[in-house]
Amino acid sequence: MHGSVGGGFAARLPWLQGHLDLSAGQLGVALAAPAVGASLAMPLAASLVHRHGGRTALRCLIAVWCAVPLLPLSAPGLGWLCAALLVFGVGAGMSDVAMNTQGLVVEQRVKRSTLPLLHGMWSAGALFGAGVGAAAAFAGLDARLHMAGLAVLLAVTGWFAGRNLLDARPTAAVGDGAEAPPRFALPSKAVLAIGAVGFCGVFAEGAGANWSAVHLKEVAGASPGVAALAFTGFACTMAVARLLSGLVVDRFGVTRTIRAGAALSTVGAVVVAASHTPLPAALGFALLGVGVAAVLPLTFAAAGRVGDNPSRSIAGVATVTYTSGLIAPAIVGAIADHASLNTSFAVVAVLTAVLIPTARLLNPSAPPPVGDRPAAPEAAPPAAAPFETAAPPAPGPASGSVRIGTSTSGAATTVVFPPPER
């Protein structure tokens, strides 16, 4: 649902540009606002999840996210559009953090790598939303009417489907007198280290998504029709890779998966940088998309294992990765202006190569950076088995609990699941 809203809105950007008579430069400035709004709002999502629980927070945020595209589509001018897109980014970012927190709890409950699969479903949803948007555009349907209908459908579906979500929050959230997490907190060193890995992967992803069509047309000499399919092909390869990468992680582990993907994406970026004809360039972009597909979901999964508040750690990593996605297209364009687009993708190849030695930072068994290692306790606590499940609760309103691993303090983190709504 989250991906369908984003894909549907992206497909109607040409309508929005024509409706407000914006130049390409004006539209580009306006489209920087969502990333700014998301980066500012993401650190606040942890407090929201803590106070209201994962289920309620996510259901409400998804409903808001379905509605917010109507704001920029109804803007009367550029200034109002920028303000509306800032709110658009707030909705996108906060719901993104709540979704990934929920996905992490599910992953730790089932003891399998499921976040890549869930991110693959997001990509599939984005393709679905873009397809519906394209059909509405061909039919000449007003974008506001199209997105209003899509918003109602997805919001209602999300609200009722959300009844089955796990209402997970740290144990401290339900203890008497427990302090809520700060409304805004800077990421720890461990989170920043994980975020740096995500930064490299998302930079490559953003470069491929935003510049693949331009490269095929301007550098490789492809026809406009073939170049227009470049993003669709790139998105499809990423979606398929994410849907399958969970199985690869379960079989070979996080570090090997990231390193193999980094090697593939580095080869792909080098091929793109050396290409002057459409076929090798298209192959290079496909390899680039497949190689970096698992980086973002595995980055979120690694962040959720840091500290005793997964949503806060995920928010910190998401802020770093959103920033990467914001600046990647601009940096690629700036390098292309001063050198060439092929040189830009040579820089992308360097960043994907960095993923090979840093992949271990996403490994669940890797030690945290030195600055985040806890002091040795006076007496070692008894070891708790990860994913240990408590005895089932007695019938009635009592809640059950599930241990989802250990925090950096060495204590087990317990997530509480109140009974599902009836």
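Note: the structure precedes this text.
Residues numbered from 1 in each chain as written. Predicted model: local features only at pLDDT ≥ 70, side-chain atom pairs only at ≥ 80, totals over all residues. Heavy atoms only, no water.

J.: So what's going on with the packing of helix H13 (residues 254–274) against helix H14 (residues 278–292)? Residues and values would help.
T.: The angle between the axes and the distance between the axes are what describe a pair of packed helices. Orientation of H13 relative to H14, taken along the N-to-C sense of each, is 155°, at an axis distance of 7 Å. Here H13 is positioned roughly antiparallel relative to H14, judged by the angle of their axes. Our pair here, H13 against H14, has a crossing hand that is left-handed. Along the contact surface, H13 presents Gly261, Ala262, Leu264, Ser265, Val267, Gly268, Ala269, Val271 and Val272, while H14 presents Pro280, Ala281, Gly284, Phe285, Leu287, Leu288, Val290, Gly291 and Val292. Looking at the contact of H13 with H14, its residues break down into 13 nonpolar, 5 polar and no charged. (Axes fitted to C-alpha atoms, helices over the stretch in contact; angles between N-to-C directions. Helix = DSSP H or I, 4+ residues; strand = E, 2+ residues; numbered from the N terminus. Parallel < 35°, antiparallel > 145°, perpendicular 65-115°, else oblique. Left-handed = near helix turned anticlockwise from the far one by under 90°. Contact = heavy atoms within 4.5 Å. Nonpolar A, V, L, I, M, F, W, Y, C, P; charged D, E, K, R; others polar.)

J.: Describe the pattern of salt bridges, listing the residues and the values that go with them.
T.: Side-chain pairing between opposite charges can occur once the charged atoms of the two side chains come close. Overall, the coordinates contain 3 salt bridges when judged by the stated rule. One salt bridge connects Arg144 with Asp142, and the closest N-O pair in it is separated by 2.9 Å. On the basis of relative accessible area, Arg144 is assigned to the partly exposed category, the value being 31%. The shortest N-O distance in the salt bridge between Glu205 and Arg242 comes to 3.2 Å. Placement of Glu205 in helix H10 (residues 189–219) and of Arg242 in helix H12 (residues 230–252) is noted, with a sequence separation of 37 residues between them. (Salt bridge = Lys/Arg side-chain N within 4 Å of Asp/Glu carboxyl O. Buried < 20%, exposed > 50% of the residue type's maximum accessible area, 1.4 Å probe, protein only.)

J.: Account for the packing of aromatic side chains, with residues named and values stated.
T.: With the rule as written, the count across this model stands at 4 aromatic pairs. Ring geometry for Phe285 versus Phe345: centroids 5.3 Å apart, planes at 85°, classification edge-to-face. Of the two residues, Phe285 sits in helix H14 while Phe345 sits in helix H17 (residues 341–358), which places them 60 residues apart along the sequence. We classify Phe285 as buried; its relative accessible area is 4%. Above the plane of the ring of Trp159 lies Arg59, whose end atom (NZ or CZ) is 4.0 Å from the centre. Across the ring face of Phe252, the terminal group of Arg251 is positioned such that the distance to the ring centre comes to 4.9 Å. (Phe/Tyr/Trp six-rings, centres within 6.5 Å; stacked < 30°, edge-to-face > 60°. Lys NZ or Arg CZ within 6 Å of the ring centre and 35° of its normal.)

J.: Would you mind going over a nonpolar patch on the surface in detail, with residue names and values included?
T.: A grouping of Leu117, Met121, Val240, Leu243, Leu244 and Leu247 is seen on the molecular surface, where their side chains present a nonpolar patch of about 550 Å² in accessible area. At the level of secondary structure, the elements contributing two or more residues to the nonpolar patch comprise helix H8 (115–138) and H12. Mapping Leu244 onto the fold places it in helix H12. The class for Leu244 is partly exposed, based on a relative accessible area of 48%. (Patch = residues over 30% accessible without salt bridge, like charges linked within 9 Å, V, L, I, M, F, W, Y side chains within 5 Å. Areas by Shrake-Rupley, 256 points an atom, 1.4 Å probe, with all protein chains shown as cover.)

J.: I'd love a proper account of the environment of Ala241, names of residues and values included.
T.: By secondary structure assignment, the location of Ala241 is in helix H12. Owing to a relative accessible area of 15%, Ala241 belongs among the buried residues under this scheme. For Ala241 and Pro116, which are 125 residues apart along the polypeptide, the C-alpha to C-alpha distance reads 8.6 Å. With sequence-adjacent residues up to four places away left out, Ala241 is seen in contact with Val290 and Ala293.

J.: Give me the lowdown on the nonpolar core, citing residues and values where you can.
T.: Formed by 92 residues in total, the largest nonpolar core has its most connected members in Phe9, Leu81, Leu288, Phe345, Val348 and Leu362. Ranked by the residues each element gives to this core, the list is headed by H10, at 11 residues. The residues contacting Leu288, other than those within four sequence positions of it, are Ala204, Gly208, Phe234, Ser265, Gly268, Ala269, Phe345, Val348 and Thr352. (Core = buried A, V, L, I, M, F, W, Y, C linked by side-chain atoms within 4.5 Å.)

J.: Got a sec to walk through the side chain of Thr266? Specific residues and values, please.
T.: Looking at the element boundaries, Thr266 is found in helix H13. Note on Thr266: relative accessible area 16%, which makes it buried. At 2.7 Å, the side chain of Thr266 forms a polar contact with the backbone oxygen of Ala262. Separated by 3.3 Å, the side chain of Thr266 and the backbone nitrogen of Ala353 make a polar contact. Look past the residues within four positions of Thr266 in its chain and what remains in contact with it is Ala349, Thr352 and Ala353. (Polar contact = N/O pair within 3.5 Å; in protein donor to acceptor, adjacent residues only side chain to side chain.)

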